[in-house]
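Survey of secondary and tertiary structure
Chain by chain, the residues:
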Amino acid sequence: MLGLKIVATGIGMMVLTVIIHALFMVGGARMAKWRRAHLGIAKNEMMKASLLSGLTIWMFMAIAIEAGLWALLYLYNPLIENLPDLETAFYFSMVTFTTLGYGDVVLTGQWRTLASIQAANGVIIFGWTTALIFYF
């Protein structure tokens, strides 16, 4: 039964992060299109670089928020004891979200399933972000 709750929680977090990412993506895309149209960016390589840098930072902010929400989920779950403070929970979350997986901080038992769902979520989010950046 706990396994189903873990999977449902992971899917719920995926839905939440996708919504957040979509909002950031739409906002970032609108900003980039407006700046392109009104500031004559097409003719100025430095302006293009600035626009792309701004969009990248904007989308990274979304990723940091999403990983932070995962961290809070881990931190405030009374059944997860491996992540005792916000710094450790956020570190674990970012390492998992990026699929880097150092392995120095890990979840045990059935909670590993939740971490694997977060890693899959991260792959989707990073691929989506990369596609958006290349589009502009």
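Read on for a plain summary of the structure. (Residues numbered from 1 in each chain as written. Predicted model: local features only at pLDDT ≥ 70, side-chain atom pairs only at ≥ 80, totals over all residues. Heavy atoms only, no water.)

Close contact between helix 3 (residues 86-97) and helix 4 (residues 111-135) brings their axes to 7 Å; oriented N to C, the two are set at 60°. When the axes of helix 3 and helix 4 are compared, the pair comes out oblique. Residues Phe 92, Ser 93, Thr 96 and Phe 97 of helix 3 touch helix 4, and the partners they reach there are Ala 115, Gln 118, Ala 119, Asn 121, Gly 122, Val 123, Ile 125 and Phe 126. Of the residues in the contact of helix 3 with helix 4, the class split is 7 nonpolar, 5 polar and no charged. (Axes fitted to C-alpha atoms, helices over the stretch in contact; angles between N-to-C directions. Helix = DSSP H or I, 4+ residues; strand = E, 2+ residues; numbered from the N terminus. Parallel < 35°, antiparallel > 145°, perpendicular 65-115°, else oblique. Contact = heavy atoms within 4.5 Å. Nonpolar A, V, L, I, M, F, W, Y, C, P; charged D, E, K, R; others polar.)

Here the phi dihedral of Thr 99 falls at roughly 60°; this positive angle occurs in a residue that is not glycine. Take Thr 99: its relative accessible area is 43%, and that puts it in the partly exposed class. (Buried < 20%, exposed > 50% of the residue type's maximum accessible area, 1.4 Å probe, protein only.)

Examined against the element boundaries, His 21 turns out to sit in helix 1 (residues 2-39). The exposure class of His 21 is buried, given its relative accessible area of 0%. Contact partners of His 21, with chain neighbours within four places excluded, come to Met 59, Ala 62, Ile 63, Glu 66, Ile 125, Trp 128 and Thr 129.

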